[in-house]
Amino acid sequence: MGQTLSEELPHSKSREQMMLELSARFKDKCFTPIELYSLQDVFKSLADHQGSVQYIKEDTVARFLEIPDVLGSSQVLFQMMSYLGAFPFLQEAPVILELSYLVTVIVIMTERYKRVLAGGSSDRTKLLFKSLAVYDRKLPGAPPPIQRDELKALYSERTAGFAVDEPQEEPDPDADEEDDDDLVLTAFELLDIKDAVRQGEIPESHGAMIPTDNFRKLIMLLLLAAPLSPQESLSQFRHRVEDDELESLRAVAECILASYVDVEKAPGVRLAQFKAITLSVLPNLFAGFNNLFEHFLFSKNLDLSKKLKPDEQDAPKVAQPLVPYNGEILTGHVLSQISTFLPGSSLFRRVRPLYSGSEAGFSMGSFETKVFNWQAPTILLVSGTRIPDKPEGGQEVSFADSLPPKRFGNGSKGERLTFGIYVREPWKHTHRECFGDSETVLFQLEPVHDVFTASTLNTDYVTFTKPPSRQPCIAFGCPHPKPTQSNRRDGVFSLGAVSLLINDSFEYAVFNHNYTSRGGAFRTSTIRQHDFQDRFQIEQLEVWGCGGDKEAQAQAERWAWEAREAEARRRINLGTGDKEADRQLLEMAGLIGANRSGGSMA
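Residues numbered from 1 in each chain as written. Predicted model: local features only at pLDDT ≥ 70, side-chain atom pairs only at ≥ 80, totals over all residues. Heavy atoms only, no water.

Enquirer: Would you mind showing me how to read the environment of Ile 108 here?
Expert: Within the fold, Ile 108 resides in helix H5 (residues 99-109). Here the alpha-carbon distance between Ile 108 and Phe 87, two residues 21 residues apart in the chain, equals 9.2 Å. When residues no more than four places from it in sequence are discounted, the contact partners of Ile 108 are Leu 84, Phe 87, Tyr 113, Arg 124 and Leu 127. (Helix = DSSP H or I, 4+ residues; strand = E, 2+ residues; numbered from the N terminus. Contact = heavy atoms within 4.5 Å.)

Enquirer: Explain helix H1 (residues 15-30) to me, please; I cannot follow it from the model alone.
Expert: An α-helix turns once per 3.6 residues; consequently, residues spaced three or four apart project the same way. Helix length check: H1, at 16 residues, gives a terminal C-alpha distance of 22 Å against a target of 22 Å (1.5 Å per residue), a fit within 8%. All buried positions along H1 are accounted for by Arg 15, Met 18, Met 19, Glu 21, Leu 22, Ser 23, Phe 26 and Cys 30. (Expected span 1.5 Å × (residues − 1). Buried < 20%, exposed > 50% of the residue type's maximum accessible area, 1.4 Å probe, protein only.)

Enquirer: Even after reading the chapter, I still don't get a nonpolar patch on the surface, so can you show me in this structure?
Expert: A contiguous nonpolar surface patch, about 310 Å² in accessible area, is contributed by Ile 34, Tyr 37 and Leu 302. Overall, the relative accessible area of 56% leaves Ile 34 in the exposed class. (Patch = residues over 30% accessible without salt bridge, like charges linked within 9 Å, V, L, I, M, F, W, Y side chains within 5 Å. Areas by Shrake-Rupley, 256 points an atom, 1.4 Å probe, with all protein chains shown as cover. Salt bridge = Lys/Arg side-chain N within 4 Å of Asp/Glu carboxyl O.)

Enquirer: I would appreciate a short explanation of the packing of aromatic side chains in the present structure.
Expert: In this description, an aromatic ring pair is defined by two values, namely the gap between the centres and the angle between the planes. Tallying each qualifying case throughout the model produces 26 aromatic pairs. When the centroid spacing of 4.9 Å and the interplanar angle of 35 degrees are considered together, the rings of Phe 64 and Phe 296 count as tilted. Remark: Phe 296 occurs in the loop between helix H12 (288-293) and helix H13 (304-308) and Phe 64 occurs in helix H3 (residues 58-65); sequence separation between them is 232 residues. For Phe 64, a relative accessible area of 22% puts it in the partly exposed group. A connected cluster of aromatic rings, assembled from ring pairs, spans Phe 64, Phe 129, Phe 215, Tyr 260, Phe 274, Phe 286, Phe 289, Phe 293 and Phe 296. (Phe/Tyr/Trp six-rings, centres within 6.5 Å; stacked < 30°, edge-to-face > 60°.)

Enquirer: Would you explain the pairing of strand E15 (residues 498-503) in this entry?
Expert: The side chains of a regular strand alternate between the sheet's two faces. Within E15, six of the six residues are buried, which leaves the element mostly enclosed by the surrounding structure. Across the two faces of E15 the burial is the same, with Val 498, Leu 500 and Ile 502 and Ser 499, Leu 501 and Asn 503 all buried. Pairing between E15 and strand E16 (residues 508-513): five bridges, direction antiparallel. Across the sheet, Leu 501 pairs through a bridge with Val 510, a residue of E16. Taking the residues that link successive antiparallel strands as the turn, the E15-E16 hairpin has four residues, and the phi of Phe 506 there is positive, at about 60 degrees. (Pairing = 2+ DSSP bridges.)

Enquirer: Is there a simple way to think about the pattern of salt bridges in this case?
Expert: Two side chains that carry opposite charge are able to pair once their charged atoms sit near each other. Per the stated rule, a full pass over the model turns up 20 salt bridges. Across the salt bridge formed by Asp 213 and Arg 216, the nearest N and O atoms sit 3.2 Å from each other. Residue Asp 213 and its partner Arg 216 are both found in helix H9 (residues 212-225); the two are separated by three residues, about one turn of the helix. Residue Arg 216 is classed as buried on the basis of its relative accessible area of 16%. Put simply, Asp 213, Arg 216, Lys 217 and Glu 254 are held in one network by salt bridges that share partners.

Enquirer: Explain the nonpolar core here, please?
Expert: Across soluble globular proteins, nonpolar side chains have a tendency to be buried as a group. Core analysis: the largest hydrophobic core is formed by 113 residues, its most contacted members being Phe 87, Phe 215, Leu 218, Tyr 260, Phe 289, Phe 293 and Ile 338. Counting contributing residues, this core receives three or more from each of domain 1 (15-136 + 180-198 + 205-297) and domain 2 (342-481 + 493-550). Not counting the four nearest positions on each side in its chain, Ile 338 is found in contact with Leu 330, Leu 347, Ile 379, Leu 381 and Leu 445. (Core = buried A, V, L, I, M, F, W, Y, C linked by side-chain atoms within 4.5 Å. Domains from an automatic or database assignment.)

Enquirer: Explain unusual backbone geometry to me, please; I cannot follow it from the model alone.
Expert: Along the chain, Ala 93 connects to Pro 94 via a cis peptide bond; the corresponding omega equals 0 degrees. Within the secondary structure layout, Pro 94 lies in the loop between helix H4 (74-84) and H5. Residue Glu 446 is joined to Pro 447 through a cis peptide bond whose omega torsion reads 0 degrees. Secondary-structure assignment places Pro 447 in the loop between strand E11 (441-446) and strand E12 (450-453).

See the structure below:
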């Protein structure tokens, strides 16, 4: 178990004995009897043997979890497992994955440890970082090389191919990070280990980083596994890693990776970056591991459905589509990206297309017709190409004139931009004030993944004002365009500190990020702690409804009712021969008038 395996702990127990004791407690507290039986049965079917030792290897794990070879992520995942198996004596890593250590891995990966140990997501995030990190052996603070015994030599090839960073001359940005792994300390408390031993067993993370290429491969795996249920296998999503789909998956992973590091400048991700960004911008990034590792707790020998239908047990399965069909912006991969900060339970197989500009027309009227009847949360996505700082052509000039002078630089290098908004409340006209609530989320998907959660500084979450309003637009985070607002040039929009504004013709949009102001209706970025502004020409605009069949049926019934009402008003004929009198009667009945369209009286 590493270079210090023979050292004795208090109560005359070795580290290995203490690890086995913790594993036994995990078995008792974190698994049901049938889950434990299934795990033992699965392990028995997968294990290799070396003398009296039973263990599982990297290729066995990859084959069992059905990880696609094309991702190249099985090596990265196995590194994580070999490290986490040593918990809480992390200096003993890597361990050979015997059953007891596999128990610890599953408990941590599925977050079942919460049933036994205190500690929040921050502690698990740091643990995951260490399981992915490599060390520059030349840096101060890097752990000494691990002395492998004969059995560990079986895994000597496992570490091949993991990049180690070149020696860095600059100070370590994580040097001041307080190394207080509460999750590890809680495990020590559970095992009744003295304080002196506790502190000596927490490995430092100084000099550690996750190599960029390794992290990219893992992100692709996490995006693929995001919609996974315990009864589904990754092979059911094989179409998501074929041809163009694979390129789309890699492109989404690059946007997420760009949140952590500039791949052109840095060789890897440091601890401070990893913790801050994962917790604030991608809190659900590792959620896919929960159901992926649940597969170890389902034995095929207990799958009664296959015993009832033996002719179907080898038939390849295909998962139900994550979206009814791919939109111009929203695809299954993009939905996985959105699930990194919104609950996947309300996204996968629960989104419905409501509005597409290319199909229904780029106008506020068609937007209103398609979206306003949806009585559940919605996701608006808008994508386009950056316009130059010096406008070209009359329309760009007109749009630029409707905005305050641009004082900030661009937010990223990419020319293509994609933003979105999650709105929990039904859409409505904002005649006097904005709508939305504290659950509203503004976000960017491309070329950098970023999330701007709602704040309480003000409630200017969503504005929908149609012509002939003074300043028609759809805006998020902008002050409501009230006529009483002074200090504003006529015809010029007032942008919020963190805001997205779409003009009334749906031709142009602007995202503003005034970091100096510390935010408004939405909080400033954790990733880009500076001022920036992105102006772009809209190419695609979509709205998707979040909900199930119930919400879709309610919307369809509302559309059908409105169609019947419109048809009835068009056909109505009172037979008096006096059209003006007929119109007055219809106005008195409320069928036509100021805010109703009763069709033609001819």
